Amino acid sequence: MVGESVKLEVRFNVFSNVPKSKLPTTLTLDRQMPQFCETAEVLVIGGGVIGLTIARALALRGVRNVVLVERARLGAEASSAAAGMLAPQAEADDADSFFNLCCQSRDMYPTFAAALREETGIDAELDRTGTLYLAFTEHDLREIDHRYDWQGRLGLAVQKLNPTDARTLEPGISESVRGALKFPNDIQVENRRLLSALIAANEKQSVRLMTGTSVESIRCNRGRIEGAVTSRGLVSTDTIVVAGGAWSSFIKVTDTASPIPRIEPVKGQMVCFNSRPSIARHVIYTPRGYLVPRRDGRVLAGTTTEQAGFDKEVTASGVHSILSNALEISPRISDLPLVGVWSGLRPRAQDSLPVLGPGAEVRGLVFATGHYRNGILLAPITGELIAGAIVDNVVSTELNAFGPDRFAAVGVNP
Ligand SMILES: Cc1cc2nc3c(=O)[nH]c(=O)nc-3n(C[C@H](O)[C@H](O)[C@H](O)COP(=O)(O)OP(=O)(O)OC[C@H]3O[C@@H](n4cnc5c(N)ncnc54)[C@H](O)[C@@H]3O)c2cc1C
């Protein structure tokens, strides 16, 4: 507090026409207001699942003064809108470097969730029942054949089920099902509990969480970071991680010709039911929609993929399409109480792949954005690879395909 009062006296001297006797002698600090911090060893922009995971990973690697700056509330954007599916096998058409990154991250989840539970006492409800991929049309049947073939050839865990077997596993699914795949390793996490655990873990590691504060620009000079200009003033640092989700490219970088790669918002709506006893045990997926049963009886039904700018309204047509896809999976949905609707903005880069790692032009500027449909899934590996790149100064080969400079190379930046 001694430091605070010195700062105040300097500021009051500016009002030299106010008699000194009229100036307050004491100041009550708002307890909600995060302490303004003037320096950071590493500053992370964005308090979603990605920023929180990276901040924790940095602190665990011994970085002492990590500051995370969040414009509004921690975890309140895409990360809490998500369904929490960790299902790369159900979604992939190919075994490319993105698929490998996703599988690696999924396989880190049991250790990641257990460590968070140990650190905070919060159970992120990692559910390892698995995912069922259902086929209702000729096209769906061809899709499951294709997935079964290439994943089987690679020795990945996947089982083919006939309609009877599928309905024995999940009696709530529609009688119209024509075939299914089971992906036993594609699992799910309760992403809102995961966020609570990450916030608590960061607090425990003494990461400074500055909420209600936005980073307006990144100041750099001769190719080096000097600090971040925030709505509360400058924070000096030589290392900044951009993890601002769909808003990442609003952040300006001074003194450089290369801007932050363009990240666009892609809206996804969600509908939530209550189901006791639960309508399903597995995550149930089709090419058109999915159901995700939660431990507390909620069932999430998703989703839409919309180019609607930064609009987050839930719309009648969005809910209508989610409901018809959910009813295709299980007609029993029609009897369930609908208990919530929401939407979120997925951050998508122009090639739909994440943007990860340092760029060549500005030393100390590191990207962790553009996770699009897979930010919850990719959080553990993003945290490890980005913290590793900063602390050990080694860019792992896994990051090669996802670096920020790939856009400049093909001239697709704005
Ligand atoms: C309906 C839906 C379903 C989804 N389902 C899944 C799923 O099943 N599995 C999966 O893996 N992923 C899923 N996703 C995708 C996942 O939610 C995202 O990829 C992930 O949440 C992105 O995390 P993030 O931290 O980058 O972004 P966000 O969670 O959006 O966080 C970014 C944060 O940065 C802050 N910020 C931005 N700019 C600034 C600034 N200048 N200064 C300070 N703070 C700033 C924002 O306020 C925000 O809090 C889904 C998304 C949606 C919308």
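Look up a bit, the structure's there.
Residues numbered from 1 in each chain as written. Predicted model: local features only at pLDDT ≥ 70, side-chain atom pairs only at ≥ 80, totals over all residues. Heavy atoms only, no water.

1. Comments concerning the packing of helix α2 (residues 49-60) against helix α5 (residues 97-120)
Right, on to step 1. The geometry of α2 relative to α5 is characterised by a closest axis approach of 14 Å and an angle of 70° between their N-to-C directions. In terms of their interaxial angle, α2 and α5 are classed as roughly perpendicular. Every residue of α5 that contacts α2 at T53, R56 and L60 is listed here: F112, A115, L116 and E119.
Right, on to step 2. Taken together, the residues that form the contact of α2 with α5 break down as four nonpolar, one polar and two charged. (Axes fitted to C-alpha atoms, helices over the stretch in contact; angles between N-to-C directions. Helix = DSSP H or I, 4+ residues; strand = E, 2+ residues; numbered from the N terminus. Parallel < 35°, antiparallel > 145°, perpendicular 65-115°, else oblique. Contact = heavy atoms within 4.5 Å. Nonpolar A, V, L, I, M, F, W, Y, C, P; charged D, E, K, R; others polar.)

2. Some points on the sheet that holds strand β5 (residues 159-161)
Right, on to step 1. If you trace the eight strands from one edge of the open sheet to the other, you get β5-β6-β4-β15-β16-β17-β14-β18, paired in mixed fashion. With partners counted over all chains shown, the strands left at the sheet margins are β5 and β18 (338-349), one partner each. The mean angle between the axes of side-by-side strands here comes to 20°, regardless of whether they run parallel or antiparallel.
Right, on to step 2. With respect to the sheet, helix α6 (residues 138-153) is in contact with β4 (131-135), β5 and β6 (179-183), its orientation differing from that of β6 by roughly 35°. (Pairing = 2+ DSSP bridges.)

3. Here's the deal with the site of the ligand
Right, on to step 1. Looking at the ligand, there are 39 residues lining it, with E70, S79, Y372, R373 and L377 nearest.
Right, on to step 2. In this structure, A83 approaches the ligand through a main-chain N or O atom, which is 3.1 Å from a nitrogen atom.
Right, on to step 3. Within the contact set of the ligand, a nitrogen atom lies 2.9 Å away from a backbone nitrogen or oxygen of V215.
Right, on to step 4. Surface burial for the ligand is 98%, taken as the share of its 1,000 Å² of free accessible area covered by protein chains.
Right, on to step 5. Taken together, the elements giving at least two residues each to the shell around the ligand come down to α2, α3 (78-81), β14 (263-274), β18 and α10 (375-391).
Right, on to step 6. When its residues are assigned to classes, the shell around the ligand shows 19 nonpolar, 15 polar and five charged. (Near = heavy atom within 4 Å. Polar contact = N/O pair within 3.5 Å; in protein donor to acceptor, adjacent residues only side chain to side chain. Areas by Shrake-Rupley, 256 points an atom, 1.4 Å probe, with all protein chains shown as cover.)

4. Things to note about the sheet that holds strand β10 (residues 224-230)
Right, on to step 1. Spatial strand order, β11-β10-β9-β13: four strands in an open sheet with mixed pairing. Strand pairing shows two members of the sheet lacking a second neighbour, β11 (233-236) and β13 (252-253), which therefore form its edges.
Right, on to step 2. Of the strand pairs in this sheet, strand β9 (residues 215-221) and β10 are connected by six bridges, and their pairing is antiparallel. Paired with N221 across the two strands is R224, which belongs to β10.

So far we have only geometry, and geometry alone does not tell us how the molecule works.
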